[in-house]
Every structure is written in C-alpha cells, then in structure tokens.
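Tertiary structure, described
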Amino acid sequence: MELYWVLARSAFRKNTAYLAAHLATNVGSLLFGLVYIALWRAATRGHAVGSYSAATLAGYIALGQTVLWLTTFLPRDLGLSALIRSGQIAVELIRPAGFLPRTAASASGEVLYNLVFRSLPMALVFTLLGVFPLQRVAGAGRLPAFFVALLLGVLTGILIQYLIGLSAFWTTETRWARRLYFALTMFCGGQLLPLALMPAILRHILVWLPFQSMLYFPVSVWLGLARGLQWWSAAIWTALLWSLAAWMTRRAMRRLAVQGG
Amino acid sequence: MAAWWNIYRILVRYSIRAERQYPWNFFFNLLFHVLMLTAELATVLLILARVGPIAGWSAKDIIFLFGLVTAEGGGFRIFAAELHDFDKYLVHGEFDAILIRPAPSLLSVITRSIDIGQAAMILQGLALLAWASWRLHLMAVDGWAVWLAMGLALVSGSVIWFAMVTALAALGFWTTRTDDLAPVILYGPETAAQYPLSIYPQAIRWLFFSVLPIGFGGYLPAAVILHKMAGSWMIVGSVAAAAASLAAALGLWSWGVRRYTSTGT
C-alpha cells in the first residue's frame, strides 16, 4: 500500500513545478464555465427548465467544470502511449507490483493535484461570483454520497484513459481515440446540457453509458437530483472497466515485442 | 513581395506533399470535426427547442453564426498548424534554425506544415452557412450583397483568429510555454464566439471587442447580415479590426523575436 501512496505523492509533486501554467489554464476553464452560464441565463431568462431552476443550472455548470478536472482532464492516456512507443514500457512491466494498480495510483496523485490547484480555486472563484451551488449541499447530508459518486467517476475516468493508452500496443497512436473520447464525454456527460433536460430517448440511453459518471452523475448527486439507476450504471461500469483493463493488460503483455536493447 | 510569395508557394507545395503520406489523417479529421460540431450544435439546438430563441437569435440564426465561426476556425488552422504547436520551437531550441533562414521568421514557421485536413472544417462551416442563408431567405432580401458581406466576414474573421494564434505563439517568447495559455486565448473565445455575444456580461463582451477581438469576426458581421444590427457599413468594422489585429500580432511577434534567447541544445 505504501508503494501506491509514494507513487501518488510523486505524481502530485511533479506537477507543482508547473503551477503557474496550470493557473493560467484554470482561467480558460473558468471562461468556458462563464460562457455556458451566460448561455443558460439568456436562454431561461430566470425561468426554470424542467426540474432545473435558473440558479440550479448555473450551479450545475460551475460544479461540472470543477468535476471535469478530476474525472476527465487527466494526463493524456496517462502517458502510456509515450511509454509504449519509446519501448520504456518493458522496464515498467518487469517491476514486481501490478502495472494497472501502479498506473492508477500515480493517476490518483494527478487527481489530488487537480483537486487542490484546479477544482478548489475554480470553485472559490465561482463562489465569489455567486454561482457555485454551495447551499445545495450544506446541511443536506449529501456530501458523503457526493464523494462516493465522485470516486466512481474518477475511477471511470482513469480506467478509460488507461484503456485508451493500452490501445497503443496495437495502434501506437492514441490521438484520435482521445479526441473521440473527449467529444463523447462533453456531450454524453452533459457538460452544457444536463441529461435530464435531453429528449427521453437520449436520456434513457446516455444514463447507461460510462460518460454520465464523469460529470452528470456526481453533479446530480450534489444537487440532490440523482436517481437510483445512475448509481447502478456508475458502479457497474467501474467494475466492468476495471476487469476489462486487467484483462487488456494481460493481453498486451503477451503482445509486447521490444526491438533492440 | 513576389519573391516571398513564390517561396511560400513552393514551401506549401512540399508540406502538402508530406501530408499526403498520411491520407487517413484527412478522413479522421473530417470525422472528428463532424462529430464535435454535431455534438455542440445538437446541444444548443436541444436547448433552443426547450426554451425558444436566445437573446432574439433563433435556431437558424445560431446555425448561421456557428457556420461562420467554424469556417473561420478551419480557415486560420490551415495556415497556423505550426503556431498552434509553437512550444516545440521554444522548448527544444528549434527556433534557432528558423532565425538563420533568409526568409522572415513567421513565414518560415507557418510554411513548415500546412494542415490541409482543416479544409474539412471549412467545408462544414460553409455548408451550415449555406443552409442557414437559404432557410432565412437572405438572398431574397439583400441579393448578392449577402455573399459579398459573408466573404468579407469569413476573410476578416480568419485573419483575426490567425492574428490571435500568432499573438499566442509570440507570448511564448516570454513564457516559453503557450499550451497552457491556449484555453484562455483560443479555445475559450472560440466556444464563446459560437453564441451571440450579447448574452455575456459587459466585461467579457468588452474583452471580445478589444484584446481578444473575436466579436468582429463572428458576432458583428452575423448580426449585420441577419439585420439584428443597423448599418451594413459596420461590416467595414470587421475588415478594419482584422487589419489592426494582424498588425498588432505581427508587432508582438517581431518584438518577441528580438528578445528570444535560445534554450541551447
């Protein structure tokens, strides 16, 4: 266990070298949030849409932007394709601890870093601007449930990126897989439009995809709008993706051929 | 001037030939952009279907604006592939090799590769523009002047975005890394420009008509063409803004080049 803690901590520390640059990216992410909030504000003109009041929608967007940094905006394919292309992966695979848990541990260090230096500062700015849905969770006793939901989302995010990274064993390139994944996450995860406000057919399909865990699920738990089947979907996908990742890791190891030495 | 144009043509031809080594790239690019655009457009259309026009802009109006901004996005990206990925010149000291060339440094950089795959984005943008113009009966009211206005808007808009990406790359001479600034200077504004700027708070709107002058590329000409703003002469504002922002970006670039210190190798 200590090994995983050390890996997480060193991933965290490595990032602090780029703190100033990361704060600049935060401003960009805030801008996205403000654009979407303004869009909803103009669209609703203060009226509610479905079960979402105007204030809830603003809160949904603001919280969603901060959650994305924990579930989605992780290092591209967790750095796996670079390891695979350079052959470095061979050294990584002969280490005694499992490759999947080690990679996940170091990714969770990145998540912790993003929590401290991206999500929390952004939440603070959104709070100062009066749009962060703090009062929706205070006293409602939903915070523990939110953290569990968030954990499932983080795991889903890490595992999908891991699988994308592993695909480089077969394709050597992950650029298009990554882009596809981001496009899908933004739409199917409900970055701008909550799933509940989509047409019924889309809503029923999307709630059973893993992308809802990345944003829509934790945010709706925070807002007290989550439904039971969202929990089922998130839990099932986390288990499914973990098994798939473990299986793919074994397949990839058998496939590995390193040229030269 | 004519000599530079010739050099430019030769360099472009070679980078297109190099790109042809990867024929699938164009296809994937097209697929990706179709998907992205569909997702973004579907989202906003779903919102409009629920709440009606946003700030007086109907679905067709917003498709028009989306088309304009998308086509401009492709227009500047074709030429700005290297500027978009300028960090490698600064971090690995590749810019040294650019400086010893006899051609102007910016010209040398942008001709290193031409991202012809972005033509896919232009085509999609133009398709949206054409569809919206047809459904909004723009021709019936203003005749061929609409096409002239759209042409001016597309060119000015692409130049404004090109100026912004040049300025972003030039900031790298001070900061060494630019990819962290891109969300603030490029991606965020690009998303913002897809919606009518009148929905944003005063401060953000002011920003989009000054330091990040994207308002002149999308919102202003679209509002004029769609008769949401009086005075067709306002389209000249876009052309003037394009010229001014290009001049400013080139100024910033040459200032940056003067203070460039190599990382060494």
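Remember, it's a predicted structure, so these values are computed and weren't measured experimentally.

The next subject is the overall build of chain A. The helix and strand inventory of chain A stands at twelve helices and zero strands. Helices and strands in chain A line up, N terminus first, as α-α-α-α-α-α-α-α-α-α-α-α. A globule of 261 residues ought to have a C-alpha radius of gyration of about 18 Å, and chain A, at 19 Å, matches this closely. Projected onto the principal axes, the alpha-carbon positions of chain A cover approximately 65 × 40 × 35 Å. Evaluated residue by residue, chain A yields a buried proportion of 47% over its 261 residues.

All right, on to the overall build of chain B then. Helices and strands together make up the secondary structure of chain B, namely 13 helices and zero strands. The C-alpha radius of gyration computed for chain B amounts to 19 Å, which stays within 12% of the reference 18 Å derived for 265 residues, consistent with globular compactness. Overall, chain B is about 60 × 40 × 35 Å in size when its C-alpha atoms are taken along their principal axes. Burial analysis of chain B (265 residues in total) assigns 41% to the buried set. Long-range pairs, those at least 24 residues apart, make up 78% of the contacts in chain B between residues at least 6 apart in sequence.

With 27 residues of chain A at the interface, the matching set in chain B holds 26 residues. Elements with a contribution of two residues or more to the side of chain A that touches chain B: helix H2 (19-44) and helix H9 (175-188) of chain A. In terms of residue count, the dominant contributor to the side of chain A that touches chain B is H2 of chain A (16 residues). Class assignment for the residues of the side of chain A that touches chain B results in 21 nonpolar, five polar and one charged.

With 148 residues, the main nonpolar core has Ile 37 and Leu 39 of chain A together with Ile 160, Met 164, Val 165 and Leu 168 of chain B as its most contacted residues. If you tally residues by element for this core, the top one is helix H9 (residues 145-175) of chain B, at 16 residues. Other than its neighbours up to four places away in sequence, Ile 160 of chain B contacts Pro 213, Ile 214, Phe 216, Gly 217, Ala 241, Ala 242 and Ser 245 of chain B.

Let us look at the confidence of the model for chain A. Reading predicted coordinates in detail is not appropriate for stretches of low pLDDT. A residue-level look at chain A finds 98% of positions with pLDDT of 70 or above and a mean pLDDT of 90. Per-element mean pLDDT across chain A ranges from 83 in helix H5 (residues 89-94) of chain A up to 96 in helix H11 (residues 216-223) of chain A.

Right, let's get into the environment of Arg 118 of chain A. All names here are of chain A. Among the secondary structure elements, Arg 118 is positioned in helix H6 (residues 99-128). Of the residues examined, Arg 118 has 22 C-beta atoms within 10 Å and is grouped as buried. Along the primary structure Arg 118 and Trp 69 are separated by 49 residues, whereas in three dimensions their C-alpha atoms are 7.0 Å apart. When residues no more than four places from it in sequence are discounted, the contact partners of Arg 118 are His 22, Asn 26 and Trp 69.

It is worth spelling out the packing of helix H1 (residues 2-16) of chain A against H6 of chain A at this point. Residues and elements named next belong to chain A. Viewed as axis vectors pointing N to C, H1 and H6 meet at an angle of 45°, and their least axial separation amounts to 7 Å. When the axes of H1 and H6 are compared, the pair comes out oblique. Judged by the sense of rotation from one axis to the other, the crossing of H1 with H6 is right-handed. Mapping the contact onto sequence places Tyr 4, Leu 7, Ala 8, Arg 9, Ser 10, Ala 11, Phe 12 and Asn 15 in H1 and Pro 101, Arg 102, Ala 105, Ser 106, Ser 108, Gly 109, Glu 110, Leu 112 and Tyr 113 in H6. For the contact of H1 with H6, a count of residues per class yields nine nonpolar, five polar and three charged.

Next up on the list: the packing of helix H3 (residues 54-71) of chain A against H11 of chain A. Residues and elements named next belong to chain A. Axis separation between H3 and H11 bottoms out at 10 Å; the angle between their running directions is 130°. As far as their axial angle goes, H11 and H3 are oblique. Judged by the sense of rotation from one axis to the other, the crossing of H3 with H11 is right-handed. Judged by residue contacts, Thr 56, Gly 59, Tyr 60, Leu 63, Gly 64 and Val 67 of H3 engage Pro 218, Val 219, Trp 222 and Leu 223 from H11. Tallied by class, residues from the contact of H3 with H11 come to seven nonpolar, three polar and no charged.

A few words on the environment of Gly 153 of chain A. Residues and elements named next belong to chain A. Here Gly 153 shows up in helix H7 (residues 143-166). Each C-alpha atom, one on Gly 153 and one on Pro 210, is 8.6 Å from the other, the two residues being 57 residues apart in sequence. Setting aside its immediate chain neighbours within four residues, Gly 153 contacts Thr 71, Ser 213, Met 214, Phe 217 and Pro 218.

This part takes up the environment of Met 1 of chain A. Residue and element names in this part refer to chain A. Locating Met 1 in the fold gives a position in the segment before H1. The class for Met 1 is exposed, based on 6 C-beta atoms found within 10 Å. Each C-alpha atom, one on Met 1 and one on Ala 105, is 9.8 Å from the other, the two residues being 104 residues apart in sequence.

Rules behind the numbers
- Residues numbered from 1 in each chain as written.
- Chains lettered and ligands numbered in written order.
- Predicted model: local features only at pLDDT ≥ 70, side-chain atom pairs only at ≥ 80, totals over all residues.
- Helix = DSSP H or I, 4+ residues; strand = E, 2+ residues; numbered from the N terminus.
- Rg over C-alpha atoms; globule rule 2.2 N^0.38 Å.
- Buried ≥ 20, exposed ≤ 12 C-beta atoms within 10 Å, placed from the backbone.
- Contact = placed C-beta atoms within 7 Å.
- Nonpolar A, V, L, I, M, F, W, Y, C, P; charged D, E, K, R; others polar.
- Core = buried A, V, L, I, M, F, W, Y, C linked by C-beta atoms within 7 Å.
- pLDDT = per-residue confidence, 0-100.
- Axes fitted to C-alpha atoms, helices over the stretch in contact; angles between N-to-C directions.
- Parallel < 35°, antiparallel > 145°, perpendicular 65-115°, else oblique.
- Left-handed = near helix turned anticlockwise from the far one by under 90°.

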